[in-house]
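Each chain is listed here by its residues.
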Amino acid sequence: MQLSAYNEENRIKPVIEETKKHVDRVIVIDDGSFDRTAEVSRKAGADVLVHKDNKGYLKALKTGFNKAQEGIVITIDADGENDPKFIPELVQPILKEKTDLVLGKREHVPRVSERFISFITSPVVDVSDTGTGFRALKADLAKKLDLEGLCPCGTFVLEAKKLGARIEEVPVKARRVDKPKKIAWKHLPQLWYVAKALIRL
């Protein structure tokens with residue numbers, strides 16, 4: 001299990017504790033936090049990898065993927081929005097050798113820009129929530145991903161598809177988190193990366 005975290009000292013402990021019930025190992029990538037995220041994570045029982053500077057979500061994912069061992073890697077948001085009780089449902093299609101990457105499909109995708117990116121991606125990859133942070137994938141696939149772009153929206157599944165991965169999604173319920181949803185201006189330049197990935201396919 002992999003959590004990418006930036007200044008989440010007040011939220012991350014219960015996420016780690018709940019997640020440990022379902023996985024063998026929890027790895028937290030502290031992406032340049034200036035609070036006690038790393039310390040709190042270690043005390044909660046996680047292995048912690050630290051970026052001295054904030055490198056962004058995709059770089060944090062890549063750091064964790066490079067440390068992945070054989071088996072299944074699960075990514076989950078550190079803020080508590082993703083409910084770890086859905087982990088068994090995420091991994092089942094992979095354990096049954098039906099697929100290589102499973103996305104946790106949220107009931108509602110809050111940002112219009114995320115929904116638009118998923119829409120233009122759907123003719124190539126038949127999923128509806130490409131921006132979810134809750135995923136399960138085979139470790140060997142995780143290590144092969146380049147993770148281009150500014151965020152995983154669209155490009156994560158397109159890269160996996162180009163590598164021949166079988167992809168599906170399962171419904172999950174997100175939990176309410178007291179955290180404002182800012183306008184994701186990065187989705188504008190992200191469209192360029194999505195277009196480039198679509199052309200490659």
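Our subject is the structure listed above.
Criteria and thresholds
Residues numbered from 1 in each chain as written. Predicted model: local features only at pLDDT ≥ 70, side-chain atom pairs only at ≥ 80, totals over all residues. Heavy atoms only, no water. Pairing = 2+ DSSP bridges. Helix = DSSP H or I, 4+ residues; strand = E, 2+ residues; numbered from the N terminus. Axes fitted to C-alpha atoms, helices over the stretch in contact; angles between N-to-C directions. Parallel < 35°, antiparallel > 145°, perpendicular 65-115°, else oblique. Left-handed = near helix turned anticlockwise from the far one by under 90°. Contact = heavy atoms within 4.5 Å. Nonpolar A, V, L, I, M, F, W, Y, C, P; charged D, E, K, R; others polar. 1 Å grid on protein atoms, 1.4 Å probe; cavity = no way out; pocket = protein on both sides within 12 Å on 5 of 7 lines; lining within 4 Å. Points joined across faces, edges and corners; volume = space filled by probe spheres on them.

Visitor: Honestly, the pairing of strand 4 (residues 72-77) in this entry has me stumped. Any pointers?
Guide: Two faces, one strand: in a regular strand the side chains alternate between the faces of the sheet. When strand 1 (residues 2-5) meets strand 4, the two strands line up parallel, connected through three bridges. Following the sheet pairing, leucine 3 is matched in strand 4 by isoleucine 76. Relative to strand 6 (residues 135-138), strand 4 runs antiparallel, the two sharing four bridges. Residue pairing in the sheet places threonine 75 in a bridge with arginine 135 of strand 6.

Visitor: Is there a simple way to think about the packing of helix 7 (residues 155-162) against helix 8 (residues 187-200) in this case?
Guide: To characterise two packed helices, one gives the angle between the axes of the helices and the distance between these axes. Interaxial distance between helix 7 and helix 8 falls to 9 Å at its minimum, and their mutual angle equals 15°. Between helix 7 and helix 8, the interaxial angle falls into the category roughly parallel. At the point where helix 7 passes helix 8, the crossing takes the left-handed sense. Taking contact as the criterion, the partners of Thr155, Leu158 and Lys162 in helix 7 are, on helix 8, Gln190, Tyr193, Val194, Ala197, Leu198 and Arg200. Grouping the amino acids of the contact of helix 7 with helix 8 by side-chain chemistry returns five nonpolar, two polar and two charged.

Visitor: Any chance you could explain the layout of surface pockets here in plain terms?
Guide: Empty space within the second largest pocket amounts to approximately 410 Å³. Lining the second largest pocket are 17 residues, and of these Met1, Asp24, Arg25, Ile72 and Val73 lie nearest its centre. Those elements that place two or more of their residues in the lining of the second largest pocket are strand 4 and helix 4 (87-95).

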